[in-house]
Amino acid sequence: IHRIIEQRVTPATYENFRACSIAIWWVHHGMEEQLLQDLEAFGKNKKGELIRRYKGYYGVSVSAAKYIVQGRSEPQPENIMIQDPYYYPRLARMLKRGFTGENRPRIIGVNHIPFPSPQDFELMKHIDKNSWEKIAAEYLRGWLSFDAISFHTNEDAGNFAQSVASFCGPDHQLPELVANPLGV
């Protein structure tokens, strides 16, 4: 889907998407030093630059959802699987708006990288020290729109549930969480 998105958005939007997805990847892996290096390269020192890029990051989810919904076939698919939901944090929410009715496909996220603990999410303070918790909550709310999410480990599924409780509150309905270890 990356190539399709690259063709459907402006070069600046795609660059924002790329920069933010790399930063989020470092958060998922708890790698603060690499995150700081990339933030410097992506313009952290320019006031508001990274937040502007982060807002554009979400726009790519909208573009991807439009592409998928417009290109759908009849009958609607039973399932839509999205690998690496960290690239498209709002995609599941947007797909649910595009596919309606009782035959709406089940939207499943397949996460192949570690899922950050609430402590790992604190790395987002480097993105914006004043609103990092709001950014983390918005990111997690996107994931809550999945019907199910597959993680590699029970620890990752637990980190997801703990992070949602920490940043979104304990009253959110979690999607079905499944651990499916993958070997090479």
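Because the structure is a prediction, the values reported are computed rather than measured.

Reading guide: rules and limits
- Residues numbered from 1 in each chain as written.
- Predicted model: local features only at pLDDT ≥ 70, side-chain atom pairs only at ≥ 80, totals over all residues.
- Heavy atoms only, no water.
- Buried < 20%, exposed > 50% of the residue type's maximum accessible area, 1.4 Å probe, protein only.
- Helix = DSSP H or I, 4+ residues; strand = E, 2+ residues; numbered from the N terminus.
- Pairing = 2+ DSSP bridges.
- Right-handed = clockwise from strand over helix to strand, strands pointing away.
- Axes fitted to C-alpha atoms, helices over the stretch in contact; angles between N-to-C directions.
- Phe/Tyr/Trp six-rings, centres within 6.5 Å; stacked < 30°, edge-to-face > 60°.
- Arc of directions from axis to C-beta.
- Expected span 1.5 Å × (residues − 1).
- Contact = heavy atoms within 4.5 Å.
- Salt bridge = Lys/Arg side-chain N within 4 Å of Asp/Glu carboxyl O.

S.K.: Any chance you could explain the pairing of strand β3 (residues 148-151) here in plain terms?
M.R.: In summary, the side chains of a regular strand alternate between the two faces of the sheet. Side chains of β3 alternate between two faces, with A148 and S150 and I149 and F151 buried alike. In terms of strand pairing, strand β2 (residues 106-110) meets β3 through three bridges, oriented parallel. The residue of β3 that forms the bridge with G109 is I149. Where β3 lies against strand β4 (residues 176-179), four bridges are found, and the strand directions are parallel. When the sheet's bridge partners are listed, A148 is paired in β4 with E176. Crossover connection from β3 via helix α8 (residues 154-168) to parallel β4: handedness right-handed.

S.K.: Help me understand the sheet that holds strand β1 (residues 79-83), please; the structure alone is not making it clear to me.
M.R.: Whenever strands of a sheet pair, they do so through backbone hydrogen bonds, lying parallel or antiparallel. Here we have four strands laid out as an open sheet, ordered β1-β2-β3-β4, and parallel in their pairing. A single partner strand is all that each edge strand has here, and the edge strands are β1 and β4. Put simply, the sheet's adjacent strands are angled 20° from each other on average, direction ignored.

S.K.: Looking at this structure, I do not really get the packing of aromatic side chains. What am I missing?
M.R.: What describes a pair of aromatic rings is the distance from one ring centre to the other and the angle between the planes of the rings. As enumerated under the stated definition, the model contains 16 aromatic pairs in all. Where F115 meets F160, the ring centres are 5.3 Å apart and the plane angle is 80°; that geometry is what we call edge-to-face. Note that F115 is positioned in the loop between β2 and α6 (118-121) and F160 in helix α8, a separation of 45 residues in sequence. Across the pair, F160 and F115 agree in class, each one buried. On the numbers, 5.8 Å between centres and 40° between planes, the contact of F151 with F160 is tilted. As far as burial versus exposure is concerned, F151 and F160 are alike and both buried.

S.K.: Just checking my understanding: could you explain helix α5 (residues 91-98) for this structure?
M.R.: Owing to its 3.6 residues per turn, the α-helix aligns residues three or four sequence positions apart on the same side. Looking only at α5, the buried set comprises L91, A92, M94 and L95. Buried residues of α5 fall within an arc of 160° about the axis and therefore sit on the same side.

S.K.: It is not clear to me how α8 should be interpreted in this structure. Could you clarify?
M.R.: With 15 residues, α8 should cover 21 Å at 1.5 Å per step; its first-to-last C-alpha distance of 21 Å lies within 8% of that length. Next to the buried residues of α8 lie α6, α7 (132-144), β3 and β4. Of the residues flanking the end of α8, it is G169, one or two places downstream, whose phi is positive at about 105°.

S.K.: Looking at this structure, I do not really get the pattern of salt bridges. What am I missing?
M.R.: Once their charged atoms are close, side chains differing in charge can pair, the charge on each being opposite to the other. Tallying each qualifying case throughout the model produces five salt bridges. With its nearest N and O atoms 2.8 Å apart, the salt bridge here joins E138 to R90. Of the two residues, E138 sits in helix α7 while R90 sits in the loop between β1 and α5, which places them 48 residues apart along the sequence. With a shortest N-O distance of 3.3 Å, D147 and K96 are connected by a salt bridge. Here K96 lies in helix α5 and D147 lies in the loop between α7 and β3, a separation of 51 residues in the sequence. Connected through shared salt-bridge partners, R90, R93 and E138 make up one network.

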